[in-house]
Amino acid sequence: MLVVCPNPTRDHQVHLPSLLPGTVSRATRQGSLAGGKPINVARALRSLGARPTLLILLPNHESDGFHASLAAEGLDAQYVRYDGALRTSIILFEENGRVTVVNGPGSPVPTPSWQEFAETAAAAVAATPAGESRWAACSGSLPPGV
């Protein structure tokens, strides 16, 4: 199965007792990982025993460690790169279970890079061996300019 990720992000996860807007809060723990809805779909598929392949439109800047993070989780990924900065998302987890997410917009994608990404996705689906199901999932947001 191909999982298409057009607008990846770096998820910064912050755990805190409670969020009180307008005040200074102290986190109890924090972490950072490769993120985006399609990446979470691939994680879920992997936990169910599937071997999805991610196709990610990844900006060149601020994406250090993105490849290594996914590889460390055992996720296979292909990348189409473009000149831009990786967006960030801040996810605030409160002890009461409430979650607040602030998603960055991402960098605008030049038309030739978007065309390459779309063509790569179409070719990956078309290359599925005869007799196997051709599944592709694309979810999440689109980057600016698309």
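Here is a short report on the structure shown in this document. All figures in this text were calculated on a predicted structure; none of them were measured in a lab. (Residues numbered from 1 in each chain as written. Predicted model: local features only at pLDDT ≥ 70, side-chain atom pairs only at ≥ 80, totals over all residues. Heavy atoms only, no water.)

Topic: the overall build of the chain
Logical step 1: A tally of helices and strands in the chain yields 3 helices and 8 strands.
Logical step 2: In the chain, the succession of α and β elements from N to C terminus is β-β-β-α-β-α-β-β-β-α-β.
Logical step 3: Along the longest, intermediate and shortest principal axes, the C-alpha atoms of the chain span 55 × 35 × 20 Å.
Logical step 4: Nonlocal contacts in the chain, meaning residues at least 24 apart in sequence, comprise 64% of its contacts between residues at least 6 apart. (Helix = DSSP H or I, 4+ residues; strand = E, 2+ residues; numbered from the N terminus. Contact = heavy atoms within 4.5 Å.)

Comments concerning unusual backbone geometry
Logical step 1: Look at E62: it is not a glycine, yet its phi comes out positive at around 60 degrees.
Logical step 2: The residue E62 is located in the loop between β4 (53-61) and α2 (66-72) in this model.

Examining helix α1 (residues 37-47)
Logical step 1: Among all positions in α1, only P38, I39, A42, R43 and L45 are buried. One face of α1 carries all of its buried residues, which in axial projection span an arc of 165 degrees. Facing away from the buried side of α1, by more than 90 degrees, are the exposed residues K37 and S47.
Logical step 2: In this structure, the buried residues of α1 make contact with β1 (2-5), β3 (29-35), β4 and α2.
Logical step 3: At the C-terminal side of α1, G49 shows a positive phi close to 95 degrees. (Buried < 20%, exposed > 50% of the residue type's maximum accessible area, 1.4 Å probe, protein only. Arc of directions from axis to C-beta.)

Things to note about the packing of aromatic side chains
Logical step 1: Enumeration over the complete set of coordinates arrives at 1 aromatic pair.
Logical step 2: Seen from their ring centres, W114 and F117 are 5.5 Å apart, and the 45 degrees between their planes marks the pair as tilted. Placement of both W114 and F117 in helix α3 (residues 111-126) is noted, with a separation of 3 residues, approximately one turn of the helix.
Logical step 3: For W114, a relative accessible area of 25% corresponds to the partly exposed category.
Logical step 4: Its relative accessible area of 2% is what places F117 among the buried residues. (Phe/Tyr/Trp six-rings, centres within 6.5 Å; stacked < 30°, edge-to-face > 60°.)

Some remarks on the pattern of salt bridges
Logical step 1: Under the counting rule described, the total for this entry stands at 3 salt bridges.
Logical step 2: With its nearest N and O atoms 3.1 Å apart, the salt bridge here joins D76 to R51. Taken as a pair, D76 in strand β5 (residues 76-85) and R51 in the loop between α1 and β4 lie far apart in primary sequence, 25 residues in all.
Logical step 3: A salt bridge links E94 to R98; the nearest nitrogen and oxygen atoms lie 2.5 Å apart.
Logical step 4: According to the relative accessible area criterion, E94 is buried, its value standing at 6%. (Salt bridge = Lys/Arg side-chain N within 4 Å of Asp/Glu carboxyl O.)

A closer look at the pairing of strand β6 (residues 87-94)
Logical step 1: Pairing of strand β2 (residues 9-16) with β6, which is carried by 8 bridges, proceeds in the parallel orientation. Along β6, the bridge assignment pairs R10 with T88.
Logical step 2: Both β6 and strand β7 (residues 99-103) contribute to a ladder of 5 bridges, which runs antiparallel. Counterpart to I91 in the pairing with β7 is V101.
Logical step 3: If you look at the hairpin formed by β6 and β7, you'll find 4 residues sitting between the two strands, and G97 has a positive phi there, around 100 degrees. (Pairing = 2+ DSSP bridges.)

Observations regarding the environment of S32
Logical step 1: With respect to the secondary-structure elements, S32 resides in strand β3.
Logical step 2: Of the residues examined, S32 reaches a relative accessible area of 43% and is grouped as partly exposed.
Logical step 3: Setting aside its immediate chain neighbours within four residues, S32 contacts R10, D11 and H12.

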